[in-house]
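# Overview (structure and organization)
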Amino acid sequence: MTEAMVRKKPGMASVREMPVLQDGPPPGGFLPVRYARRIPSKGPSAVAILLAAVGAFSWGMYQVGQGNRVRRELKEEKYAARRAILPMLQAEEDERFVKEWNKYLEEEARIMKDVPGWKVGESVYNSGKWVPPSTGELRPDIW
């Protein structure tokens, strides 16, 4: 198809004889060119993220509080059990102490039998207060 037929001007001898045909916009104009950077808003908003974070923090602190309460109850239960068996344990320790103290006094009497004026079991301190023997003192088997 020739240019003459496209422009509907038959019989042209030269291109110079062609009428000027300039392209123009379509009726009503072109659509506006989108040149701005438009990023779609994906995901939750900042307010939603803040509310979720506050909610998660609040729930976590609630759980910590519940755990503290349970731990406090277990601790109190353990201490109550210890308080309940303390008299029995103290009685057993007192019985053991009296037996060891009697052995200690017998050993002291045997060792100090030749010392004139020695009183078995008398305190060498003048404080007037009873002081329990230090650890290991009532263990003649390890002297």
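Residues numbered from 1 in each chain as written. Predicted model: local features only at pLDDT ≥ 70, side-chain atom pairs only at ≥ 80, totals over all residues. Heavy atoms only, no water.

### Re the packing of aromatic side chains
Summed over all chains, the structure comprises 2 aromatic pairs. Arranged with centres 5.9 Å apart and planes meeting at 15°, the rings of Phe-97 and Trp-101 form a pair that is stacked. With Phe-97 and Trp-101 both in helix H2 (residues 46-111) and 4 residues apart, the pair spans about one turn of that helix. Within the aromatic cluster, the residues linked to one another by ring pairs are Phe-97, Trp-101 and Tyr-104. (Phe/Tyr/Trp six-rings, centres within 6.5 Å; stacked < 30°, edge-to-face > 60°. Helix = DSSP H or I, 4+ residues; strand = E, 2+ residues; numbered from the N terminus.)

### Re the environment of Ser-58
Topologically, Ser-58 is positioned in helix H2. According to the relative accessible area criterion, Ser-58 is partly exposed, its value standing at 41%. From its side chain, Ser-58 meets the backbone oxygen of Val-54 in a polar contact 2.8 Å long. (Buried < 20%, exposed > 50% of the residue type's maximum accessible area, 1.4 Å probe, protein only. Polar contact = N/O pair within 3.5 Å; in protein donor to acceptor, adjacent residues only side chain to side chain.)

### Points about the UniProt feature "transmembrane region" (unreviewed entry) in the protein
When the UniProt feature table is mapped to this numbering, "transmembrane region" (unreviewed entry) covers residues 44-62. Across residues 44-62 one finds 89% helix and 0% strand; the C-alpha atoms that close the span lie 25 Å apart. (UniProt positions renumbered as here; feature names shortened; annotations may be inferred.)

### Remarks on the pattern of salt bridges
For the coordinates displayed, the defined rule picks out 7 salt bridges. Taking the shortest distance from any N to any O, the salt bridge between Glu-73 and Arg-69 comes out at 3.7 Å. Residue Glu-73 and its partner Arg-69 are located together in helix H2, separated by 4 residues, close to a single helical turn. In this structure Glu-73 comes out as partly exposed when scored by relative accessible area, which is 47%. For Arg-69, a relative accessible area of 39% gives the class partly exposed. We note a salt bridge from Glu-100 to Lys-103, for which the minimum N-O separation is 3.8 Å. Of this pair, Glu-100 and Lys-103 both sit in helix H2, separated by 3 residues, roughly a single helical turn. (Salt bridge = Lys/Arg side-chain N within 4 Å of Asp/Glu carboxyl O.)

### Quick notes on the environment of Asn-102
Mapped onto the fold, Asn-102 is located in helix H2. C-alpha of Asn-102 to C-alpha of Gly-121: the two residues are 19 residues apart in sequence and 9.5 Å apart in space.

### Section: H2
The largest bend along H2 measures about 40° and falls at Ile-85, with the proline Pro-87 one to four residues further on. Taken together, the buried positions of H2 are occupied by Glu-100, Tyr-104 and Glu-108. (Bend = angle between axes of the 7 residues up to and from the residue.)

### Side note on a nonpolar patch on the surface
Taken together, the side chains of Val-115, Trp-118, Val-120, Val-124 and Tyr-125 present a nonpolar region at the surface, about 510 Å² in accessible area. Along the polypeptide, Val-120 turns up in the segment after H2. Residue classification places Val-120 among the partly exposed residues on the basis of a relative accessible area of 43%. (Patch = residues over 30% accessible without salt bridge, like charges linked within 9 Å, V, L, I, M, F, W, Y side chains within 5 Å. Areas by Shrake-Rupley, 256 points an atom, 1.4 Å probe, with all protein chains shown as cover.)

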